[in-house]
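Here is what each chain is made of, one letter per residue.
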Amino acid sequence: MKVLGISAGRHNGNSDIAVKEALLAAQAKGAECIFINLFDYNILPCTGCESCTMMMGDVAMGKRDDYPGCVLKAKDDMEKIMDVFQSCNGLIVGCPTYDLAPSSMYLRFAQRFLAYELAFRLKIGAVKVNPHMVAGLIAVGGSCHDWQGLSLEVLSASMFTTSVHVIDQYMVTRVGQPGNIVTHPEHLERVHKLGENVVEAIQTPVEERKWLGDPDMGLCPNCHGGLVFKGEPHWDGIEFPYECAVCGAGLKLTADGKFEIVENGLCRDRNVDEARGYHLDEIVATRMDYYRMRDTDPSVKEKLAYYREVKFPAI
Ligand SMILES: Cc1cc2nc3c(=O)[nH]c(=O)nc-3n(C[C@H](O)[C@H](O)[C@H](O)COP(=O)(O)O)c2cc1C
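Just so you know, these numbers come straight off a predicted model, no measurement behind them.

Cut-off values and rules
Along each chain, numbering runs from 1 in the same order as the chain's sequence is written. Predicted model: local features are reported for residues with pLDDT of at least 70 only, side-chain atom pairs are reported and counted for 80 or more only, and whole-chain, interface and lining totals are derived from all residues. Computation of side-chain values: all heavy atoms of the structure, hydrogens and water removed. Each domain's extent is set by a domain assignment, obtained either automatically or from a database. Only heavy atoms matter for contacts: two residues are in contact if any of them lie within 4.5 Å across the pair. A 1.4 Å probe defines the accessible area here, and the buried area is the portion of it lost by two parts on being joined, summed over both. By definition here, a salt bridge exists when the distance from a side-chain nitrogen of Lys or Arg to a carboxyl oxygen of Asp or Glu is within 4 Å. Whether a residue is near a molecule or strand depends on its heavy atoms: if one lies within 4 Å, it is near. The definition of a polar contact used here is a pair of N or O atoms within 3.5 Å, where within protein one atom must be able to donate a hydrogen and the other to accept one, and adjacent residues in sequence count solely through side-chain atom pairs. Values of accessible area rely on a 1.4 Å probe in the Shrake-Rupley scheme; residue burial ignores everything except the protein chains shown. Here a Phe, Tyr or Trp ring, Trp counted by its six-membered ring, pairs with any other such ring whose centre lies within 6.5 Å, and the pair is stacked when the planes are under 30 degrees apart, edge-to-face when over 60, and tilted otherwise. Numbering goes from the N terminus for both helices and strands, where a helix is a DSSP run of H or I of at least four residues and a strand is a run of E of at least two. Partly exposed residues are those whose accessible area sits between 20% and 50% of the maximum for their type, while under 20% is buried and over 50% is exposed, using a 1.4 Å probe and protein chains only. Here a strand pair is declared whenever DSSP counts at least two bridges between the two strands. With the strands aimed away from the viewer, a crossover counts as right-handed if its path from the first strand over the helix to the second runs clockwise. Every axis in this analysis is a line fitted to C-alpha atoms, fitted for helices over the stretch in contact. Angles between the N-to-C directions lie between 0 and 180 degrees. In what follows, roughly perpendicular refers to angles from 65 to 115 degrees, roughly parallel to angles under 35, roughly antiparallel to angles over 145, and oblique to any angle outside these ranges. In a left-handed crossing the near helix is turned counterclockwise from the far helix by less than a right angle, and in a right-handed crossing that turn is clockwise. Here the term charged refers only to Asp, Glu, Lys and Arg, the term nonpolar to Ala, Val, Leu, Ile, Met, Phe, Trp, Tyr, Cys and Pro, and the term polar to all other amino acids, Gly among them.

Draft legend 1. The arrangement of the domain arrangement of the protein in detail. Here the protein is partitioned into domain 1 (2-217) and domain 2 (274-309). Here the C-alpha centre of domain 2 lies 32 Å away from the C-alpha centre of domain 1. At the interface, nine residues of domain 1 touch four residues of domain 2. Between domain 1 and domain 2, roughly 490 Å² of surface is buried when both sides are summed, and carbon and sulfur atoms account for 50% of that area. The three residues of domain 1 that bury the most area against domain 2 are Met-54, Phe-120 and Phe-160, which together make up 59% of that side's buried surface. Across the domain 1-domain 2 interface, the total number found is two salt bridges. The residue Glu-50 makes a salt bridge to Arg-287 at a minimum N-O spacing of 2.9 Å.

Draft legend 2. Up close: the site of the ligand. As a matter of local geometry, the ligand sits amid 18 residues, with Arg-10, Ser-15, Thr-97, Trp-147 and Gly-176 nearest to it. The contact in question runs from an oxygen atom of the ligand to an N or O atom on the backbone of Leu-100, over 2.9 Å. Between Gly-142 and the ligand, the recorded distance is 3.1 Å, taken from a backbone N or O atom to an oxygen atom. In isolation the ligand offers 640 Å² of accessible surface; the protein chains occlude 77% of this area.

Draft legend 3. Broad picture of the packing of aromatic side chains. By the definition in use, this model includes seven aromatic pairs. Between Phe-85 and Phe-113 the ring centres are 5.4 Å apart and the planes differ by 50 degrees, which places this aromatic pair in the tilted class. Highlighted residues: Phe-85 in helix H3 (residues 78-85) and Phe-113 in the loop between helix H4 (104-110) and helix H5 (118-123), separated in sequence by 28 residues. Where Phe-109 meets Phe-113, the ring centres are 5.1 Å apart and the plane angle is 80 degrees; that geometry is what we call edge-to-face.

Draft legend 4. Spotlight on the pairing of strand E5 (residues 134-140). Summarising burial for E5: seven of the seven residues are buried, a large majority. Side-chain alternation along E5 places Val-134, Gly-136, Ile-138 and Val-140 on one buried face and Ala-135, Leu-137 and Ala-139 on a second face that is also buried. With seven bridges connecting them, strand E3 (residues 90-98) and E5 associate as parallel partners. The residue of E5 that forms the bridge with Cys-95 is Ala-139. Two strands pair when backbone bridges link them, and E5 and strand E6 (residues 165-172) are joined in this way by seven bridges, in the parallel orientation. Opposite Val-134, over in E6, you have His-165 as the bridge partner. For the crossover that starts at E5, traverses helix H6 (residues 151-157) and ends in the parallel E6, the hand is right-handed.

Draft legend 5. Broad picture of the pattern of salt bridges. All told, the structure shown has 10 salt bridges when counted by the stated rule. For Glu-117, the salt bridge identified is with Arg-276, shortest N-O distance 3.0 Å. Within this pair, whereas Glu-117 is found in the loop between H4 and H5, its partner Arg-276 is found in helix H8 (residues 273-296), the two being separated by 159 residues in sequence. For Arg-276, a relative accessible area of 8% translates into the label buried. Lys-252 serves as the salt-bridge partner of Glu-260, at 3.7 Å between the closest nitrogen and oxygen. It is possible to trace a salt-bridge network through shared partners that takes in Glu-117, Asp-273 and Arg-276.

Draft legend 6. Quick look at the packing of helix H1 (residues 14-28) against helix H7 (residues 185-202). Look at H1 against H7: their axes get within 7 Å of each other, and the N-to-C directions meet at 50 degrees. In terms of axis orientation, H1 runs oblique to H7. Regarding H1 and H7, the two cross each other, and that crossing is right-handed. For the pair H1 and H7, the contacting residues are Ile-17, Ala-18, Glu-21, Ala-22, Ala-25 and Ala-26 in the first and Leu-188, Val-191, His-192, Leu-194, Gly-195, Glu-196 and Val-199 in the second.

Draft legend 7. Region of interest: the packing of H8 against helix H9 (residues 298-309). Between H8 and H9, the shortest axis-to-axis distance is 5 Å and the interhelical angle comes to 95 degrees. Judged by the inter-axis angle, H8 sits roughly perpendicular to H9. Of H9, the residues touching H8 (which contributes Tyr-290, Met-293, Arg-294, Asp-295 and Thr-296) are Pro-298, Val-300, Lys-301 and Leu-304. Taken together, the residues of the contact of H8 with H9 sort by class into five nonpolar, one polar and three charged.

Printed below as a string of structure tokens:
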């Protein structure tokens, strides 16, 4: 039983302390624990080259034999971190809230996950066994929920790509200065519990795992996220009255002011590998549409050439 703690905060700051407290709880329950602070590593931003998904697609179509991984893997520390990440059963993430959302240090790290897309790599045989990882997520901010409104939701959304099942989330509020969290025993107690919950989930058979956080948290009955928007048609025409912005569950508002999952509302649940696989179909369809127009409609190439030549002074 191995648990990786990841902090995206200042050294010895509130995220470090929150993650360490949760790891102490996991360790006391028998887990082998590892702790990293992302500031100690060189993590390059995803360049958006899409080589990873293209190459995985080529393996799936039999056009190449193996998937060599992210094109940046020899240039920074991401591969080294992901080797350990993928050998763990549990994850505890602590991340400062900057401008209502997770800090750029964390996002830079998490947006490299596409090259490690678990469902795709299982499909092409690049990974043999699904480790069925679970996670507890901790957002850390100087304010209350009103100034951290996107933090846990974006942290949670970063877990789909590697198929990590989020079983608990907690928002540490009103801690500004590094170390401020130690004056809040209620926060330390709760993140301790989160560490215990991660171990409990690891020890539960995969199909029986469930949400162990606050049962009343959030608006979405599926992922407990707090962001719901009015539904709009998807690329294939499907539409729900309301949607969870995090997991994609289709929802309706009940007479008592709560959200309920509609019939077939989990067909877009991003936690489910098949639903994400269908999203890959959407990506491929969009790409093919564009290629077709670019290759058959001469005005597309003319417009591309036009915009290439438009120049403005830079900095
Ligand atoms: C650039 C920047 C933006 C911030 N924005 C927010 C914010 O929108 N909401 C909030 O609650 N705290 C905000 N904070 C405060 C940090 O979240 C807070 O200091 C936190 O304890 C930092 O965690 P750390 O000690 O682990 O680094 C911001 C801090 C910085 C440096």
